[in-house]
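Okay, here's what each chain looks like letter by letter:
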Amino acid sequence: MPSTHTDWINSPLAVVEEMFAASQNSPNSGWEAKVVEFFKEQLKEKDAHISVPSLNDVPLHYLKPNSLVKFRCLIQDMFDPEFYMGVYETVDASTKANVLRCGKYKDVTECGVDLNSSNTVTAERQTFYCVPVPGENPCYASSSQARVVPSTSYVPSRQKRSYEDDDDDMDTQPQKQREPQSGPHSLIEQQGNSDCKRQETEAPSTQTASASHIDLNFPLPGEKGPSCLVKVYEDWESFKLNDTLEVYGILSVSPALSALADEKDASSSVLDPTESMETAEEQRVHSPPASLVPRLHMLYAKPLQHNNPLLPSFSLTDNSAFLSSTLSEMATIRAELLTYFTHVLLGDSLAAEYLILHLISSVYTRRDILPLGKFTLNLSGCPTVASYTERLYQIIQQLVPSSYYLGMSLQNMNQMRLVPKKDYVANRLVSGALQLARNTSLFLDETKLEQGQLDTTGVRNVTALGNLISWQKVDYDFNYHQMEFPCNINVLVVSEGRSLLPSDSQVHVQSHVAPPHMEEYLSSIHMHSPTSSQLNKLRIYLCVARLLDYSISDEVTKSVEDDFVDMRKDDPQSISAEDLHKMLVVARLLSLSLGQTSLSRDTWLKAKHIEAQRRSRMEQHKCVNGNEP
Amino acid sequence: MSSPTSTPGGRKRGRNTNPSTPSSEGPISPPSQKRRGQDSSTGDLMQMPTSPATDVLSPSAPQDTSLFSSPRPSVPPNEVDMSSPLMYGTPSSRVEGTPRSGVRGTPARQRPDLGSVRKAPQVDLQSEPPSAEGAAASEANAGQRLVIWGTDVNVGTCKEKFQRFLQRFIDPSSTEDENAGLDLNEPLYMQKLEEISVVGDPVLNVSCLHVQAFDAELYRQLISYPQEVIPTFDMAVNELFFERFPDSILEFQIQVRPYNALKTRNMRSLNPEDIDQLITISGMVIRTSQLIPEMQEAFFQCQVCAYSTRVEVDRGRIAEPAVCRHCNTTHSLALIHNRSLFSDKQMIKIQESPEDMPAGQTPHTTIVYGHNDLVDKVQPGDRINITGIYRAVPMRANPRQSNVKSVYKTHIDAIHFRKTDEKRLHGLDEETEQKLFTEDRVQTLKELAAKPDVYERLSSALAPSIYEHEDIKKGILLQLFGGTRKDFSQTGRGHFRAEVNILLCGDPGTSKSQLLQYVFNLVPRGQYTSGKGSSAVGLTAYVMKDPETRQLVLQTGALVLSDNGICCIDEFDKMSDSTRSVLHEVMEQQTLSIAKAGIICQLNARTAVLAAANPVESQWNPKKTTIENIQLPHTLLSRFDLIFLMLDPQDEAYDRRLAHHLVSLYYQSEEQMEEEFLDMAVLRDYIAYARTYINPRLSEEASQALIEAYVDMRKIGSGRGMVSAYPRQLESLIRLAEAHAKVRFSEKVETIDVEEAKRLHREALKQSATDPRTGFVDISILTTGMSATARKRKEDVAQALKKLIQAKGKTPAMKYQQLLDDLRGQSETAITKELFDEALRALADEDYLTVTGKTVRLLA
């Protein structure tokens, strides 16, 4: 590799230019691959990726244009591919000399382009519209911010110091040591949580007002953060809508971009009808001002398996030390979590057990159309006093990387846009609340449902939720047809009675608290919340458990089969194929939650046991309720 | 010239940038160079600010020639200028060309679809400056003396070839609708020309496939250099036409519209390579713009001497003449709008069809420009195939800015539209689905078809996650293939149903819905509805006001949308009666009649229905008949070819296999699964191929076997005094046998097909039409809603009751309960209250007695 690429973070384009220039003498040198390779190598180096500033945390105006930045995001929409000048020739006005230039990773060409040059190479690139991961929880976001701060690279430090004053001293310390100190931090977080939530539930309008006339198209109302047009140069077929990525790319905020757009509005469109083929809306969406929606020219992108910054970013298998240490601790952490949840769920340990299983569930594969591994939980019998469900959501929110609270009030159901819809006028996919990243926790609060009539939108929304739960897919509305997008969302339904939505498993919460003391009990739930270090442990636990591999040995298969046959022999009505499905999922999740990567006989029996408990409770409840299941 | 509107340099060909007048004829006109200079210095007043520098700087002719060596070289723009804007072709062709009055007399119409003025000059290679490289020289030696700049197209040869093609091409096996009514053994296109002379619509659609079959080289040239080759074709066809029909009068000269270019099928695969080439893509129209009048020819008049001149538009720009040629006044010419010529133009946005898209991506869109009579040819929502030229235009340079956006805008200039769903709307015949299979794919499919166990393989590939139920899967497989479509409209019976309808009923939780979902996902034109949620309107069609046009439009429902596909209806039993009654027509006549809001019409709904129903008592009662269990009218049930019961078998071995199957689902890795089963895509292609290309007919033996089977079925019943088969069953058998032959890719229905059809039919009957009382299969359960034994039994009870009453002597009134008890005491079989009621009713019908409240009175 030529020369010393000293400042590859601050001026990555210089590196690109250099390699491009070098390639001119030796054709077929594959300089493009080399560029990508170079940056990959640099990023692989220890902690190198930490020193790259992140667009998620640092406000755009503190970032240097044309520097390397990273962005943790979700692909919200894919625009049409565009053709650009990969290589072009410029004519120097003074010397009349023709110079070849590289147009890759840039939006704007340099002056004096010879458009008729025979050396121009047209290349193709793809644009993705990316937004920050929807519903990302503030506690996670802030902890990831702490990791980014030790950036040596970016200079405008005056304001920056003040910006992250509070966690100043944590900057350089590695994860583990930092944890105990962050006690006060978590208090702020909690404050933040409830604030944030209020916003989500109440007023989506404030955001739109502040962002002037441009709607940044976030899936969830009340979201903040930068959205970004990511230009992808290679291999764009491998990305899918709703993928979460960490993109490393060159930031382009050239004011020329917006200026160009303005010019067009002002003059030329009047003169030339061919230019007006894009409507004003389309213009606005596809070339918004760069100050609002920066362009990011992707050098390298890493698909994220999880968006938990507490976990090592690379995959678990590569990191056996980390894995084994967590695995050994898992049983104890699980016990801790179980006690905590039991406390939260009014002393009901069975419901707590199921809640853990639910939180670590994930669709791990699809057998033709059948998603395997999903575990939608319906917690029925939740008290409606003292905003219990909201409290429950806050607790879950603290534990999972991203989540969303959807109160199923009549108004919400009739008015919210849950399913993304294609807007052909602006030529973009207008997002909806169900466009969520994988493993986002969707908290459906059915206690908010009141009497009234669902209108067309409402019925459609409820159907969409039903489809999401039973098939883990969302049918996006493309006006002339629907298109199915598979998803992987953990849906938790809390309700008073049995939910009107389908679910994989329903647990009726049995309160061990006498109704008169309920208020008191509920208001004290928060007092027992775990400390920040404990919280972090729990968060890591939940993520790791979800990512573990799983298998069933032949012996256990045999014994499961025997069990099934025996049960059927006694009473064929007692267990159907469907029930076996459920039990297998429970068994899978149960053993994963214990940190066991293969099913043991004991775990199977335990799974059977808790399923039986759950079913008997349901039977009981059915009798009381008289409700047809 | 000012703006950088040229195509990207990498693949651009030389073209003339200068609007010329008819006077400047002559091969490779030397003066053009000079005039160009003038133009660029003085012209350009009207619009476009831009840097004149670029063009002036561009290299001149000698360099150009070096590029003739390869067919797609990058040629700097050349400045050679020539030929009239009004005529196609090149000076040479006109000089030697036929000065027939016909051609001359009919005005040529501009073809904006080919780019406004793209008259490429021809170059005589031999007369070029000696800088020509070796390759070019060798080409010259090969005899191609004249080629168009930047291409290897020789106008003379090209024209000759095309004329030969028109005169000679015969495609006896043509099945395209465009050729309907033509004699397939005569030269196809000559017949079309004749048609043009009669009809007077001067458009000749030419299938590129035909060109390719006739002359691959010509085809290559057409694809690579459409904007040069198509005008040549036009020229050729006009000469030929006016030679043949010298007296015919056309509005303008004939235009050739090629279609079906094989270059690209999918919007996603368009890439920079395709720029300026002829492509065909399919897609769906999502938006059309207003009509845009585009100036084709500007009319200028001198303010001083009233001398007028016309200037043609060149790539969206008009070079205003600076000097009046008549009086030599400068800047005296003014544009007269209403004497200028405009052409229609429309922006159309198309989007990838949903079938073409990879999973998890959003559809791409492309802008298409339609010109002249292609304007308003398509409406949003239409599925179309577009043939056109792919263009890329750089973003406009801004005079106030030194740098430009390095992005090109792309669009397609449409030459030919073809609606793919036209057939469905008009419902002529046969499917038009032109799903093209690659050679390899066809080969794989045929190999698969040749395997002896293909039927079993395919059926096990169907919904592998659903365990067992082999016969049901086989039934659904046959449904996916369908029978052969037969047309008896001449004899007055119309179309015969070719689709197989299947009803699944059974216990809840036996993965019926899953099967339905799978089928819905498998077939391209499938619809999934739930009986509970759908109304008759949602299934058929409804009339609504279009918000934009304020017109009444017919919105089609699920059944019409799944024409030629499968309509999956879940929770069939929960459907309201009025909704269900709609299905009667669909399931036998395969049409839907609508009379709503002044719209009366009959739509095609040639859909196969796959329905699932739950038993009324939530659990299947084996003691009752199918009808009693699902409470569906037998008129509807008899329209199902196959009715399957999906029951929990409740047997140990089955349980064990099921458990094993399920457990393995939960730990097998994805790769293992794929090994085990056929890919869903292969299955889909296999079905599509069979449906399109295989039309089996009954062989002699097969017909015999069918007759025998039918007679046998009738015999079984007649022994016990009941009818056990109806012609509907025979039709079902035929359909199933045909479908099975399709599975084997066989053009003939053979005995084995009939055997399997019989077996499957019997299996289904065994499950659904077994009389629970006798254990015999009784078709009348499905056709009349009641088994023969049940009817017999009912009569017996009525008779017994009558006897009982008669035995009681002359008592005019009796207690209801008393009578029931008496009858029970007398009868050796159990008499239920229902049975008793029915018997009473039967007697009441005979006017023997009446029942009022709790008393029974005799009438006689």
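The rules behind these values
Residues numbered from 1 in each chain as written. Chains lettered and ligands numbered in written order. Predicted model: local features only at pLDDT ≥ 70, side-chain atom pairs only at ≥ 80, totals over all residues. Heavy atoms only, no water. Core = buried A, V, L, I, M, F, W, Y, C linked by side-chain atoms within 4.5 Å. Buried < 20%, exposed > 50% of the residue type's maximum accessible area, 1.4 Å probe, protein only. Pairing = 2+ DSSP bridges. Helix = DSSP H or I, 4+ residues; strand = E, 2+ residues; numbered from the N terminus. Axes fitted to C-alpha atoms, helices over the stretch in contact; angles between N-to-C directions. Contact = heavy atoms within 4.5 Å. Phe/Tyr/Trp six-rings, centres within 6.5 Å; stacked < 30°, edge-to-face > 60°. Lys NZ or Arg CZ within 6 Å of the ring centre and 35° of its normal. Parallel < 35°, antiparallel > 145°, perpendicular 65-115°, else oblique. Left-handed = near helix turned anticlockwise from the far one by under 90°. Nonpolar A, V, L, I, M, F, W, Y, C, P; charged D, E, K, R; others polar. Salt bridge = Lys/Arg side-chain N within 4 Å of Asp/Glu carboxyl O.

> What should I look at first to understand the nonpolar core in this one?
Nonpolar side chains tend to gather and get buried jointly when the protein is soluble and globular. Core analysis: the largest hydrophobic core is formed by 78 residues, its most contacted members being Leu337(A), Phe341(A), Leu379(A), Tyr388(A) and Leu392(A). Membership of the second largest hydrophobic core comes to 60 residues, among which are Leu448(B), Ile466(B), Val523(B) and Ala705(B).

> Looking at this structure, how should I read the sheet that holds strand E21 (residues 608-613) of chain B?
For sheets, the rule is that strands pair by backbone hydrogen bonds, running either parallel or antiparallel. Residue and element names in this part refer to chain B. Ordered in space as E15-E18-E21-E14-E22, the five strands form an open sheet in which the pairing is parallel. Two strands lie at the open edges of the sheet, namely strand E15 (526-530) and strand E22 (642-646), each paired on one side alone. Strand after strand, the sheet turns through a mean of 15° between neighbouring axes, direction not considered. Sheet analysis places strand E14 (residues 502-506) next to E22, joined by five bridges and oriented parallel. Its bridge partner being in E22, Leu504 is matched across the sheet by Phe644. Its contacts with the sheet place helix H15 (residues 470-481) against E14, strand E18 (566-570), E21 and E22, and it is angled at close to 145° to E22.

> What am I meant to see in the packing of aromatic side chains here?
For any two aromatic rings, the description comes down to two numbers: the centre-to-centre distance and the angle of the planes. On inspection of all chains with the given rule, the structure shows 24 aromatic pairs over all chains. Centroid distance Phe79(A) to Tyr129(A): 6.1 Å. Interplanar angle 40°. Geometry classified as tilted. Of this pair, Phe79(A) sits in the loop between strand E1 (68-78) and strand E2 (82-91) while Tyr129(A) is found in strand E4 (residues 121-132), placing the two residues 50 residues apart along the sequence. Overall, the relative accessible area of 5% leaves Tyr129(A) in the buried class. Put simply, the rings of Phe162(B), Phe165(B), Phe169(B), Tyr189(B), Phe214(B) and Phe233(B) touch in pairs and so form one group of aromatic residues. When the ring centre of Tyr364(A) is taken as origin, the NZ or CZ atom of Arg588(A), which lies over that ring, is 3.7 Å away.

> What should I look at first to understand the side chain of Thr366(B) in this one?
Residue placement: Thr366(B) occurs in strand E9 (residues 365-371). Excluding its chain neighbours within four sequence positions, the residues that come into contact with Thr366(B) are Met267(B), Ile348(B), Lys349(B), Ile350(B) and Ile412(B).

> Explanation requested: the packing of helix H18 (residues 554-570) of chain A against helix H22 (residues 652-665) of chain B in the structure shown.
When two helices pack together, their arrangement is given by the angle between the helix axes and by the axis-to-axis distance. Following both chains from N to C, one finds H18(A) and H22(B) inclined at 140°, their axes separated by 9 Å at the closest point. Judged on the interaxial angle alone, H22(B) and H18(A) are oblique. Viewed along their axes, H18(A) and H22(B) form a crossing whose handedness is right-handed. On the side of H18(A), the interface is formed by Thr557(A), Lys558(A), Val560(A), Glu561(A), Asp562(A), Phe564(A), Val565(A), Arg568(A) and Lys569(A), while H22(B) contributes Glu652(B), Asp655(B), Arg656(B), Leu658(B), Ala659(B), His660(B) and Val663(B). Among the residues making up the contact of H18(A) with H22(B), the classes are represented as six nonpolar, two polar and eight charged.

> What's the story with the environment of Gln482(A) in this structure? I'm lost.
All names here are of chain A. Relative to the helices and strands, Gln482 resides in strand E16 (residues 482-486). Along the sequence, Gln482 and Ile540 sit 58 residues apart, while their C-alpha atoms lie 38 Å from each other. Setting aside anything within four residues of it in sequence, one finds Gln482 in contact with Asp475 and Tyr476.

> How do you make sense of the pattern of salt bridges when you look at a structure like this?
A side chain of one charge can pair with a side chain of the opposite charge if their charged atoms are brought near each other. A complete count under the given rule lists 29 salt bridges over all chains for this structure. Salt-bridge contacts for Asp562(A) lead to Lys558(A); the nearest nitrogen and oxygen are separated by 3.5 Å. Placement of the pair is Asp562(A) and Lys558(A) together in helix H18, with a separation of four residues, close to one helical turn. Residue class for Asp562(A) comes out partly exposed when judged on its relative accessible area of 24%. Across the pair Asp641(B) and Arg735(B) runs a salt bridge whose closest N-O atoms are separated by 2.8 Å. Here the residue Asp641(B) occupies a position in the loop between helix H21 (634-637) and E22, and Arg735(B) occupies one in helix H26 (residues 727-743), the gap between them amounting to 94 residues.

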